[in-house]
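Report on the structure
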Amino acid sequence: MGEFKINKTFGEINKKIQDGSVVVLTAEEMIGATKELGPIEAAHKVDVVTTGTFGIMCSSGAFLNFGHSKPRIKANKVFINGVEAYAGIAAVDCYLGAAQTREDDPLNKVFPGRFRYGGGHVIEDLVSGKQVRLEALAYGTDCYPNLRHEADMALRDFPDAWLLNPRNGYQNYNCAVNLSKKTIYTYMGVLRPDCTNANYSTSGQLSPLLNDPFYRTIGLGTRIFLGGGVGYVIGNGTQHNPNVKRSENGVVMGGAGTLSVKGDLKHMSPKYLRGASLTGYGCSLNVGIGVPIPILNEEMAMFTSVSDDDILAPIVDYGLDYPQGTGAPLGYVSYAQLKTGEMDFNGQKVTTSPLASYSTALEIAVILRDWIKSGRFLLGEPQDTLPSAPFSGFEMLK
Amino acid sequence: MTSKNVLLIFKSNIMYKPVIYRLARDFELVFNILEAKILPRKEGRILLELRGSEDIIAEGIRFLEQNRVVVEPLSDKVWREDEKCVNCGACTGLCPTDALSMKRPEMTVSFDVEKCVACGMCGLVCPFGAMRDITLFDPFAEGRSDSK
């Protein structure tokens, strides 16, 4: 990578963070900076760009160790506030999935179900400091004789509690519409028939992976803002697919890269971890993530200055195509257009609404920027990068 | 000219009086029935938009109350729990009256209760239960907890 005019390392940037001379901008601010200064000067001046996203991320959950009871127990069924946590691991460990519903939830028996309380809500209650009811059942062994253990516990009572999310931060996502003749209730919200409304769900120009589209700086060990505390990228997320169609600027034109993340739940906040109920669909968790992107060279300056005009989302029919796993995108629409609240589709006006909070995403990017400026948050250099795709470079840098 | 949305509750003893017609004839108020439900022999509920000058609207409401109609401003019945709202915007595409709308460029969600017709869509779609899921036509709906 010797072809760049600006070449910085993680170590150099971390030194600047420690001596207070680091220059950090949010991904929103970087758009204007690169336009004004040009990519080379911008890469020279700016050291880190912070990103943010706050949306529903179903592939999330908490890994909890609830400590030994007296006498000891080897739990094989665990419920927290009536929500089952997977207990097929060591004696007092369990994994509480964000999408797990309560045992007595009526689900979709009376359609559409409301799914008022599930795994995501338990996680929110825990980080809010509320007490939860833990119920563990066991078959009993010589070393773990207890058959049943119940306790009211707050987060501080758990010896270990991690947020451990297999797939977060999708790099771009569908814009969902419904071409069928009836209202549908999906994980992309409520969609009216005949393509009356469209829902989209990423923070666009603020979104972490849209600002580092080839994962040059993000990988195992990247230190991030996670749920209001500090976390780490621990690898690519499930369904990570770098080989999605890309536009000329390298930006993916559909769901592509994903992140797997981990962090200590005890330092997180309910402001950035929120249980969610999706009518007719199920329970989930809103997760706040912010990833710092080091501006190692002018190409990273170009990548991080991507704006909503340059990012396209595929329009997908959730009435028939998506559920059946058939069909192709019906078209593409820019995030700049989606953010206006209206788009044209087949000659008709369609109302567009976001599902991820842009204002909270910006709040996260600003918090992360301030953490880095304060010298308390150093960049984590990836020990391993994520699977990527080839890129021939930007014309204007050649 | 101003407009106000009010919930009218007609107890069974006055259910068959033509009071709404007199709002137009005696007060020259423009009324628009947004939703109505009559439970036979129990009570009737009407969600009414009143349009006119502020004074005349107040007079009209006084007239209704004199005729034993229970009048409640909609803003006491429908509200957003602001601390639960994350400003995602999921509700804005389904709100039929733009009572819930995106404020741009901040991309925060504004709620203008005066435009609300209590259709209940936002209650159905909000993932965080920020819009109190009441329908005005449910006699068991709870009121605002901080009101007397």
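**Some thoughts on the overall build of chain A**
Looking only at helices and strands, one finds 8 helices and 26 strands in chain A. For the C-alpha atoms alone, the extent of chain A along its principal axes is close to 70 × 60 × 30 Å. Out of the 398 residues in chain A, the part that is buried amounts to 50%. Expressed as a percentage of contacts within chain A between residues at least 6 apart in sequence, the contacts between residues at least 24 apart total 74%.

**Section: the overall build of chain B**
The helix and strand tally for chain B stands at 3 helices and 6 strands. Start at the N end of chain B and walk to the C end: the helices and strands fall as β-α-β-β-α-β-β-β-α. By the burial criterion, 30% of the 148 residues in chain B qualify as buried. Nonlocal contacts in chain B, meaning residues at least 24 apart in sequence, comprise 64% of its contacts between residues at least 6 apart.

**Notes on the confidence of the model for chain B**
Summing up the model confidence of chain B, the mean pLDDT is 86 and the portion of residues at 70 or higher is 89%. Across the interfaces of the predicted complex, the ipTM metric reaches 0.94, alongside a pTM of 0.93.

**Overview of the environment of A:L397**
All names here are of chain A. Structurally, L397 is set in the segment after β26 (384-385). C-beta crowding within 10 Å serves as the criterion here: with 15 such atoms nearby, L397 is assigned to the partly exposed category. Considering only alpha carbons, one finds L397 and G97, 300 residues apart in sequence, at a separation of 45 Å.

**Considerations on the domain arrangement of chain B**
Residues and elements named next belong to chain B. Here chain B is described as being made up of domain 1 (2-76) and domain 2 (79-139). Domain 1 and domain 2 are separated by 24 Å when their C-alpha centres are compared. Taken together, the 9 residues of domain 1 in the interface contact 7 residues of domain 2. The element best represented in the side of domain 1 that touches domain 2 is strand β2 (residues 30-39), accounting for 3 residues. Looking at side-chain class alone, the side of domain 1 that touches domain 2 contains 4 nonpolar, 2 polar and 3 charged residues.

**Some details on the interface of chain A and chain B**
Counting residues at the interface gives 23 residues for chain A, matched by 17 residues for chain B. Of all elements in the fold, only β3 (53-56), β13 (189-191), β14 (197-200), β19 (273-278), β25 (348-354) and α8 (358-373) of chain A reach the threshold of two or more residues within the side of chain A that touches chain B.

**A short note on unusual backbone geometry**
Residues and elements named next belong to chain A. Cis geometry is found at the peptide bond from K70 to P71, where omega equals -5°. The topology assignment puts P71 in the loop between β4 (61-65) and β5 (77-80). A cis geometry characterises the amide bond from F111 onward to P112, with omega recorded as -5°. Assignment of secondary structure puts P112 in the loop between β7 (93-97) and α4 (119-127). Although it is not a glycine, D194 sits at a positive phi angle of roughly 55°. Take D194: there are 13 C-beta atoms within 10 Å of it, and that puts it in the partly exposed class. Notably, Q239 is not glycine yet its phi reads approximately 65°, a positive angle. The topology assignment puts Q239 in the loop between β17 (229-236) and β18 (259-264). Look at Q239 and you get partly exposed, because 13 C-beta atoms sit within 10 Å.

**Thoughts on the nonpolar core**
Counting residues in hydrophobic clusters, the biggest one holds 146 residues, and the most contacted among them are A:V46, A:A75, A:I80, A:L96, A:I123, A:C175 and B:C91. At 7 residues, the largest contribution of residues to this core is made by α8(A).

**Notes on the domain arrangement of chain A**
When the parts of a complex come together, some accessible area is lost, and that lost area is often taken as the interface size. Residue and element names in this part refer to chain A. For chain A, the domain assignment lists domain 1 (10-57 + 165-272 + 295-386) and domain 2 (61-163). Its C-alpha centre places domain 1 at a distance of 32 Å from the equivalent point of domain 2. In this assembly, 13 residues from domain 1 lie in contact with 11 residues from domain 2. A total of 3 residues in the side of domain 1 that touches domain 2 trace back to one element, the largest contributor, which is β18.

**Looking at α8(A)**
Residue and element names in this part refer to chain A. An ideal rise of 1.5 Å per residue puts 22 Å on 16 residues; α8 measures up with 22 Å between its terminal C-alpha atoms. Every buried residue of α8 is listed here: Y358, S359, T360, A361, I364, A365, L368, R369, W371 and I372. Directly beyond the C-terminal end of α8, a positive phi value near 85° is found at G375.

**Quick word on the sheet that holds strand β22 (residues 312-317) of chain A**
Residues and elements named next belong to chain A. If you walk across this open sheet you meet the 6 strands as β23-β22-β11-β14-β25-β24, and the pairing is mixed. Looking at which strands have only one partner, the edges of the open sheet turn out to be β23 (331-334) and β24 (342-345). Geometrically, the sheet is characterised by an average inter-axis angle of 35° between neighbouring strands, direction not taken into account.

**Things to note about the sheet that holds β2(B)**
All names here are of chain B. The strand order across the open sheet formed by 4 strands is β2-β3-β1-β4, and the pairing between neighbours is antiparallel. The sheet is open, and its two edges are formed by β2 and β4 (69-73), each paired on a single side. The mean inter-strand angle of the sheet, taken between neighbouring strand axes irrespective of direction, is 20°. Bridge count for β2 against strand β3 (residues 43-52) is 9 bridges, and the pairing is antiparallel. Considered in β3, the bridge of I33 is made with L48.

**A closer look at the environment of B:R22**
Residues and elements named next belong to chain B. Looking at the secondary structure, you find R22 in helix α1 (residues 19-27). On the basis of neighbour count, R22 is assigned to the partly exposed category, with 15 C-beta atoms found within 10 Å. On a C-alpha basis, the gap between R22 and S53 in space is 17 Å, while along the polypeptide they are 31 residues apart.

**What about the environment of A:A33?**
Residues and elements named next belong to chain A. Summarising the element assignment, A33 is placed in helix α2 (residues 27-37). The buried category is assigned to A33, around which 20 C-beta atoms lie within 10 Å. The sequence separation of A33 and K45 amounts to 12 residues, and the corresponding C-alpha distance is 9.5 Å. Excluding residues that lie within four positions of it along the chain, A33 makes contacts with L25, A42 and V46.

**Some details on the pairing of β5(A)**
Residue and element names in this part refer to chain A. With 4 bridges connecting them, β5 and strand β8 (residues 132-137) associate as antiparallel partners. Following the sheet pairing, F79 is matched in β8 by E135. As paired strands, β5 and strand β6 (residues 83-85) are joined by 3 bridges and run antiparallel to one another. When the bridges of β6 are listed, V78 appears paired with A85.

About the criteria used
- Residues numbered from 1 in each chain as written.
- Chains lettered and ligands numbered in written order.
- Predicted model: local features only at pLDDT ≥ 70, side-chain atom pairs only at ≥ 80, totals over all residues.
- Helix = DSSP H or I, 4+ residues; strand = E, 2+ residues; numbered from the N terminus.
- Buried ≥ 20, exposed ≤ 12 C-beta atoms within 10 Å, placed from the backbone.
- Contact = placed C-beta atoms within 7 Å.
- pLDDT = per-residue confidence, 0-100.
- Domains from an automatic or database assignment.
- Nonpolar A, V, L, I, M, F, W, Y, C, P; charged D, E, K, R; others polar.
- Core = buried A, V, L, I, M, F, W, Y, C linked by C-beta atoms within 7 Å.
- Expected span 1.5 Å × (residues − 1).
- Pairing = 2+ DSSP bridges.
- Axes fitted to C-alpha atoms, helices over the stretch in contact; angles between N-to-C directions.

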